[in-house]
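Each chain, letter by letter, is given below.
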Amino acid sequence: MDFRPLTETERKHLITALRGNAQDGLAVLMDRQTTSFLGTAEEVPDEEVINAIRSVPCHY
Amino acid sequence: MHQGSGCPPEFVPITFRELIRELIAAAGRRAARPVGRPAAVPAEAPAPLEPLRRVVLTDEVSRTLFGEYAAHRQSDRGGEEIGWDLMGTRQGDTATVLATLPAGEGRDASEGHVQFNRAAQEFAWRILRQGTRQLRMLGVAHTHPGSLRHPSSGDYRGDVRWVANLKGQEGVFGIGTADAAPGPQPEIAWQPAPNVQALGDLCLSWYVLGARDKNYRPVPVELTIGPDLAARLRPVWTELEAHAERLDRLARQLTGLKFEVTAGHQKSALALTVPLPDAGRAVRVELEGKAVRYRLLTPDGGPLAADLREDRVDVGVFLMLSELAAR
């Protein structure tokens, strides 16, 4: 297995992604072929949206 | 680490940030030069969440809001308040509205209030979710019959509790009024103030509210080119409202369901496809006006019309599945 240093940009993205995963549960994406880091995907939980829609208050 | 150094191990507190920095530095030290194929450019990482400072509407979202507001005022119920759920993404200090869900014909409304048809909106979101899982609730736009361009105290009492459900515990709120002064060019929209859009005599004023705010804050609104992802549902919104609860129940009971808007006999139809375990076969239901048509899709014989008259779409689907299972 070979390694190479991350570029500064890659390092920032990875740190942000790891922090997002740890703090907000965001998915960390991986390339299926190379297993390299591809960024993050923010999938909104169903419950969050359904609860918000169901609880929209009456407006006046 | 102190392995092999002869020194006793030390246990010092380390923060999560320091741990990450050390892990990355360690990975970097193990490589002398780049090897293998170049790394793919990482996708743009989401900006850290900050208090909302701007709202971005796509052009189609803006057209929807102004167009449906104008059409509503010409309708039989034009004297009532009307409104929309605003769906989209929330990153950094920006909320980007990418879809609008209408209050629906099943709304409860008068000159002084509007309560949306939540069941229809919830099911509409399930359809949108088939295409993207990144839409979240951002807020609500609704109209006032007079010239109050600010959410009312009654709005505040409900909204300040509700925004606790939203990302960042902040929501976006638009207020529509029909009191705008003529703009420099009557054919195009203009912004009398950073948080106000006006087109003709219609006006949309934009605010944000946090769960701890004492009042709404005016927020600058910007336009970008983009879709209203819920626009394609408008031609079948009547069918969607009529069957929302039963369709929503089906979506939660069965996996692999697919909803789509398709060409019907007279107008657009809302179609539901239920894949069967046998390859290539599926139950398909088309909802068009009051008609509910059941089909069996087969890979070789094409679609077969089912002799089934059942207006309750969930009952009809299960009758079809039962009939097919018995064969």
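All values derive from a computational prediction rather than experimental measurement.

## As for the overall build of chain B
Next up, step 1: Looking only at helices and strands, one finds six helices and 17 strands in chain B.
Next up, step 2: Put simply, chain B has 327 residues, and 35% of those count as buried.
Next up, step 3: Across chain B, every contact between residues at least 6 apart in sequence was considered, and the portion connecting residues at least 24 apart equals 62%.

## Comments concerning the overall build of chain A
Next up, step 1: On a plain count of helices and strands, chain A comes out with two helices and two strands.
Next up, step 2: Taken from the N to the C terminus, the helices and strands of chain A come in the order α-β-β-α.
Next up, step 3: Expected size for 60 residues packed as a compact globule is a radius of gyration near 10 Å; at 17 Å, chain A overshoots this value by more than 25%.
Next up, step 4: Counting the 60 residues in chain A, one finds 23% classified as buried.

## What to know about the nonpolar core
Next up, step 1: Ranked by size, the top nonpolar core spans 74 residues in total, and within it Ala124(B) and Leu240(B) carry the most contacts.
Next up, step 2: Residues Leu6(A), Leu14(A), Ala17(A) and Phe37(A) belong to the second largest nonpolar core, which totals five residues.

## As for the sheet that holds strand E16 (residues 291–298) of chain B
Within a beta sheet, neighbouring strands are joined by backbone hydrogen bonds and run either parallel or antiparallel to one another.
All names here are of chain B.
Next up, step 1: With antiparallel pairing, five strands are arranged side by side in an open sheet as E13-E14-E15-E16-E17. Every interior strand has two partners, whereas the edge strands, strand E13 (258–263) and strand E17 (302–305), have only one. Pairwise comparison of adjacent strand axes, ignoring direction, gives a mean angle of 30° for this sheet.
Next up, step 2: Of the pairings in the sheet, the one linking E16 to E17 comprises four bridges and is antiparallel in character. Paired with leucine 296 across the strands is leucine 304, a residue of E17.

## Things to note about the environment of Arg32(A)
All names here are of chain A.
Next up, step 1: Along the chain, arginine 32 falls in the loop between strand E1 (27–30) and strand E2 (37–41).
Next up, step 2: Since 8 C-beta atoms lie within 10 Å of it, arginine 32 is described here as exposed.
Next up, step 3: Measuring from C-alpha to C-alpha, the distance between arginine 32 and leucine 6 comes to 19 Å, with 26 residues separating the pair along the chain.

## Observations regarding the domain arrangement of chain B
Residues and elements named next belong to chain B.
Next up, step 1: What the domain assignment lists for chain B is domain 1 (54–229) and domain 2 (233–326).
Next up, step 2: Domain 1 and domain 2 are separated by 32 Å when their C-alpha centres are compared.
Next up, step 3: On the domain 2 side, the residues contacting the 13 residues of domain 1 number twelve residues.
Next up, step 4: Of the residues belonging to the side of domain 1 that touches domain 2, the class tally is six nonpolar, four polar and three charged.

## Things to note about unusual backbone geometry
All names here are of chain B.
Next up, step 1: Although it is not a glycine, glutamine 169 sits at a positive phi angle of roughly 55°.
Next up, step 2: Mapping glutamine 169 onto the fold places it in the loop between helix H4 (153–162) and strand E7 (170–177).
Next up, step 3: The partly exposed category is assigned to glutamine 169, around which 15 C-beta atoms lie within 10 Å.

## Describing the confidence of the model for chain A
Next up, step 1: Here chain A shows a mean pLDDT of 81. Residues at 70 or above account for 90%.
Next up, step 2: Looking across chain A, the model is least confident in E2(A), with a mean pLDDT of 70, and most confident in helix H2 (residues 46–54) of chain A, with 92.

## A word on H2(A)
A turn of α-helix holds 3.6 residues, and therefore any two residues three or four places apart point the same way.
Residues and elements named next belong to chain A.
Next up, step 1: Listed in full, the buried residues belonging to H2 are Val49, Ala52 and Ile53. For H2, the angular spread of buried residues about the axis comes to 100°, placing them on one side. Opposite the buried face of H2, at more than 90 degrees from it, the exposed residues are Glu47 and Arg54.

## Description of the packing of H2(A) against helix H3 (residues 118–129) of chain B
Next up, step 1: Two numbers describe how H2(A) lies on H3(B): the axes approach to 9 Å, and their chain directions differ by 160°. One element, H2(A), and the other, H3(B), form an angle in the roughly antiparallel class. As for the relative orientation of H2(A) and H3(B), their crossing is right-handed in sense. Where H2(A) abuts H3(B), its residues Val49(A), Ile50(A), Ile53(A) and Arg54(A) lie against Arg118(B), Gln121(B), Glu122(B) and Trp125(B).

## A word on the packing of H3(B) against helix H5 (residues 237–253) of chain B
Residues and elements named next belong to chain B.
Next up, step 1: Following both chains from N to C, one finds H3 and H5 inclined at 55°, their axes separated by 8 Å at the closest point. Put simply, H3 runs oblique to H5. Handedness of the H3/H5 crossing: left-handed. Residues Ala119, Ala120, Glu122, Phe123, Ala124 and Arg126 of H3 touch H5, and the partners they reach there are Leu240, Glu241, Ala244, Glu245, Leu247, Asp248 and Ala251.
Next up, step 2: For the contact of H3 with H5, the residue count by class is eight nonpolar, no polar and five charged.

## Focus on the pairing of E13(B)
All names here are of chain B.
Next up, step 1: For E13 and strand E14 (residues 268–275), the ladder comprises six bridges, and the chain directions are antiparallel. Bridging from a neighbouring strand, phenylalanine 259 pairs with leucine 272 of E14.
Next up, step 2: The hairpin turn running from E13 into E14, its antiparallel successor, is four residues long.

## Describing the environment of Val28(A)
Next up, step 1: For Val28(A), the location among the structural elements is in strand E1.
Next up, step 2: Sequence-wise, Val28(A) and Pro5(A) are 23 residues apart; in three dimensions their C-alpha atoms are separated by 19 Å.

## Observations concerning the pairing of strand E3 (residues 94–102) of chain B
Residues and elements named next belong to chain B.
Next up, step 1: Of all nine residues in E3, seven are buried, a share of seventy percent or more.
Next up, step 2: Sheet topology note: the strand E2 (residues 83–91)/E3 ladder contains eight bridges and is antiparallel. Bridging across to E3, glycine 88 finds its partner in valine 97.
Next up, step 3: Linking two consecutive strands that pair antiparallel, namely E2 and E3, is a turn of two residues; a positive phi of about 55° is found at glycine 92 within it.

About the criteria used
- Residues numbered from 1 in each chain as written.
- Chains lettered and ligands numbered in written order.
- Predicted model: local features only at pLDDT ≥ 70, side-chain atom pairs only at ≥ 80, totals over all residues.
- Helix = DSSP H or I, 4+ residues; strand = E, 2+ residues; numbered from the N terminus.
- Buried ≥ 20, exposed ≤ 12 C-beta atoms within 10 Å, placed from the backbone.
- Contact = placed C-beta atoms within 7 Å.
- Rg over C-alpha atoms; globule rule 2.2 N^0.38 Å.
- Core = buried A, V, L, I, M, F, W, Y, C linked by C-beta atoms within 7 Å.
- Pairing = 2+ DSSP bridges.
- Axes fitted to C-alpha atoms, helices over the stretch in contact; angles between N-to-C directions.
- Domains from an automatic or database assignment.
- Nonpolar A, V, L, I, M, F, W, Y, C, P; charged D, E, K, R; others polar.
- pLDDT = per-residue confidence, 0-100.
- Arc of directions from axis to C-beta.
- Parallel < 35°, antiparallel > 145°, perpendicular 65-115°, else oblique.
- Left-handed = near helix turned anticlockwise from the far one by under 90°.

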